[in-house]
Amino acid sequence: MSNYALEKSLLAPETWVIVGNCQSLQKEHDAALTCFGRAIQIDNYFSYAHTLRGHEYIDNSDYEQAKKCYFEALKADERHYRAWYGLGNIFMKQEKYDEALYNFNKAISIN
(Lines give C-alpha, C1' and ligand atoms only; values in the text may rest on other atoms or scores of the structure.)
Protein backbone atom coordinates (compact mmCIF):
# COMPACT_ATOMS: atom_id res chain seq x y z
CA MET A 1 0.00 0.00 0.00
CA SER A 2 2.67 2.53 0.96
CA ASN A 3 4.72 1.91 -2.22
CA TYR A 4 1.60 2.54 -4.29
CA ALA A 5 1.02 5.83 -2.47
CA LEU A 6 4.64 6.89 -2.97
CA GLU A 7 4.37 6.19 -6.70
CA LYS A 8 1.29 8.41 -6.92
CA SER A 9 2.59 11.56 -5.27
CA LEU A 10 5.68 12.33 -3.25
CA LEU A 11 4.45 15.89 -2.81
CA ALA A 12 1.20 15.10 -1.01
CA PRO A 13 1.31 15.17 2.80
CA GLU A 14 -1.30 12.40 2.87
CA THR A 15 1.17 10.11 1.12
CA TRP A 16 3.71 10.59 3.88
CA VAL A 17 1.05 10.03 6.54
CA ILE A 18 0.18 6.70 4.91
CA VAL A 19 3.83 5.65 4.84
CA GLY A 20 4.33 6.88 8.41
CA ASN A 21 1.34 4.89 9.63
CA CYS A 22 2.75 1.76 7.99
CA GLN A 23 6.08 2.37 9.73
CA SER A 24 4.32 2.93 13.05
CA LEU A 25 2.41 -0.34 12.75
CA GLN A 26 5.76 -2.08 12.29
CA LYS A 27 7.05 -0.38 15.49
CA GLU A 28 9.51 1.66 13.43
CA HIS A 29 8.81 4.83 15.38
CA ASP A 30 11.85 6.80 14.20
CA ALA A 31 11.00 6.08 10.56
CA ALA A 32 7.39 7.07 11.23
CA LEU A 33 8.56 10.35 12.80
CA THR A 34 10.59 11.06 9.67
CA CYS A 35 7.57 10.44 7.44
CA PHE A 36 5.26 12.61 9.52
CA GLY A 37 7.94 15.28 9.55
CA ARG A 38 8.02 15.18 5.76
CA ALA A 39 4.23 15.60 5.65
CA ILE A 40 4.59 18.66 7.88
CA GLN A 41 7.32 20.09 5.63
CA ILE A 42 4.91 19.86 2.72
CA ASP A 43 1.96 21.31 4.65
CA ASN A 44 2.73 22.86 8.04
CA TYR A 45 -1.02 23.27 8.70
CA PHE A 46 -1.78 19.55 8.36
CA SER A 47 -2.88 19.05 11.96
CA TYR A 48 -3.27 15.29 11.60
CA ALA A 49 0.45 14.87 10.77
CA HIS A 50 1.41 16.91 13.85
CA THR A 51 -0.88 14.74 15.98
CA LEU A 52 0.48 11.48 14.60
CA ARG A 53 3.97 12.74 15.28
CA GLY A 54 2.91 13.40 18.86
CA HIS A 55 1.64 9.83 19.16
CA GLU A 56 5.01 8.52 18.02
CA TYR A 57 6.81 10.62 20.60
CA ILE A 58 4.53 9.17 23.27
CA ASP A 59 5.54 5.70 22.09
CA ASN A 60 9.15 6.82 22.57
CA SER A 61 8.24 8.22 26.04
CA ASP A 62 9.25 11.73 24.96
CA TYR A 63 6.30 13.59 26.44
CA GLU A 64 7.73 17.08 25.99
CA GLN A 65 8.19 16.61 22.25
CA ALA A 66 4.73 15.04 22.05
CA LYS A 67 3.20 18.09 23.76
CA LYS A 68 4.90 20.38 21.26
CA CYS A 69 3.44 18.36 18.40
CA TYR A 70 -0.07 18.46 19.85
CA PHE A 71 0.17 22.21 20.41
CA GLU A 72 1.28 22.65 16.78
CA ALA A 73 -1.72 20.58 15.69
CA LEU A 74 -4.02 22.78 17.76
CA LYS A 75 -2.41 25.91 16.36
CA ALA A 76 -3.35 24.64 12.90
CA ASP A 77 -6.84 23.50 13.98
CA GLU A 78 -8.08 24.21 17.48
CA ARG A 79 -10.92 21.71 16.97
CA HIS A 80 -8.61 18.79 16.22
CA TYR A 81 -9.95 16.51 18.93
CA ARG A 82 -7.20 13.91 18.46
CA ALA A 83 -4.63 16.46 19.65
CA TRP A 84 -6.73 17.25 22.72
CA TYR A 85 -6.94 13.51 23.40
CA GLY A 86 -3.16 13.17 22.98
CA LEU A 87 -2.57 15.92 25.53
CA GLY A 88 -4.98 14.21 27.91
CA ASN A 89 -3.10 10.95 27.44
CA ILE A 90 0.22 12.61 28.34
CA PHE A 91 -1.21 14.20 31.48
CA MET A 92 -2.78 10.88 32.47
CA LYS A 93 0.61 9.15 32.16
CA GLN A 94 2.14 11.93 34.26
CA GLU A 95 -0.62 11.50 36.89
CA LYS A 96 -1.84 15.06 36.33
CA TYR A 97 -5.44 13.99 36.43
CA ASP A 98 -7.11 17.42 36.48
CA GLU A 99 -5.24 18.47 33.36
CA ALA A 100 -5.95 15.10 31.74
CA LEU A 101 -9.65 15.44 32.46
CA TYR A 102 -9.72 18.96 31.02
CA ASN A 103 -8.14 17.78 27.75
CA PHE A 104 -10.28 14.65 27.48
CA ASN A 105 -13.42 16.74 28.05
CA LYS A 106 -12.26 19.18 25.39
CA ALA A 107 -11.87 16.28 22.94
CA ILE A 108 -15.29 14.91 23.86
CA SER A 109 -16.97 18.29 23.42
CA ILE A 110 -15.60 18.43 19.86
CA ASN A 111 -16.36 14.83 18.92
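Residues numbered from 1 in each chain as written. Predicted model: local features only at pLDDT ≥ 70, side-chain atom pairs only at ≥ 80, totals over all residues. Heavy atoms only, no water.

Quick word on the pattern of salt bridges
- Evaluated as defined, the whole model comprises two salt bridges.
- The residue Lys67 makes a salt bridge to Glu64 at a minimum N-O spacing of 3.6 Å. Residue Lys67 and its partner Glu64 are located together in helix α5 (residues 63–76), separated by three residues, close to a single helical turn.
- Among the residues examined, Lys67 registers a relative accessible area of 12% and is labelled buried. (Salt bridge = Lys/Arg side-chain N within 4 Å of Asp/Glu carboxyl O. Helix = DSSP H or I, 4+ residues; strand = E, 2+ residues; numbered from the N terminus. Buried < 20%, exposed > 50% of the residue type's maximum accessible area, 1.4 Å probe, protein only.)

Notes on α5
- With 14 residues, α5 extends 20 Å from end C-alpha to end C-alpha; this agrees with the ideal 20 Å at 1.5 Å per step.
- Taken together, the buried positions of α5 are occupied by Ala66, Lys67, Cys69, Tyr70, Ala73 and Leu74. The buried residues of α5 occupy an angular sector of 160 degrees when projected down its axis, which confines them to one face. Residues of α5 that are exposed and angled more than 90 degrees away from the buried face: Lys68 and Lys75.
- Along its buried surface, α5 packs onto α4 (47–59) and α6 (81–93). (Expected span 1.5 Å × (residues − 1). Arc of directions from axis to C-beta. Contact = heavy atoms within 4.5 Å.)

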